[in-house]
Amino acid sequence: MDSAIKLVMRYAVVECPVCGGYLAIDSKVGYRKCPYCSYVNKIEVSRVVKTFKSPREASELVRLLNSSNDSFRPLSSNGN
């Protein structure tokens, strides 16, 4: 019997519909509060950009997308 390996892409990079920021969601949890606007993003209704097996890979894409997204402006720590 062949042992088939099923690759599970556990981490999804999604775009927040409220602020336009990108964040990674662990598919085992299924949701995550946006660190930029506090909107709760649910993986089943969010626009998934790409999926990854590791959180490190997902985080790298989140950083790249947020740094190159001209329309996204995260809130500063002082609220401005």
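Please read these numbers as outputs of a predicted model, since none were measured by experiment.

Rules behind the numbers
- Residues numbered from 1 in each chain as written.
- Predicted model: local features only at pLDDT ≥ 70, side-chain atom pairs only at ≥ 80, totals over all residues.
- Heavy atoms only, no water.
- Helix = DSSP H or I, 4+ residues; strand = E, 2+ residues; numbered from the N terminus.
- Buried < 20%, exposed > 50% of the residue type's maximum accessible area, 1.4 Å probe, protein only.
- Contact = heavy atoms within 4.5 Å.
- Disulfide = S-S within 2.5 Å.

Student: Summarise the overall build of the protein; cite the residues concerned and give the values.
Tutor: Broken down by element type, the protein carries 1 helix and 5 strands. Counting from the amino terminus, the protein carries its helices and strands in the arrangement β-β-β-β-β-α. Put simply, the protein has 80 residues, and 30% of those count as buried. Counting contacts in the protein only where the partners sit at least 6 residues apart, residues at least 24 apart contribute 47% of the total.

Student: Would you mind going over the state of the cysteines in detail, with residue names and values included?
Tutor: The full count for this structure, using the stated rule, is 0 disulfides. For C19, which is in no disulfide, the shortest distance to another cysteine sulfur is to C34 and amounts to 3.7 Å. No disulfide involves C37; its sulfur sits 3.6 Å from the nearest other cysteine sulfur, which is in C16. The class of C37 is partly exposed, set by a relative accessible area of 26%.

Any functional reading would require information beyond the geometric quantities listed.
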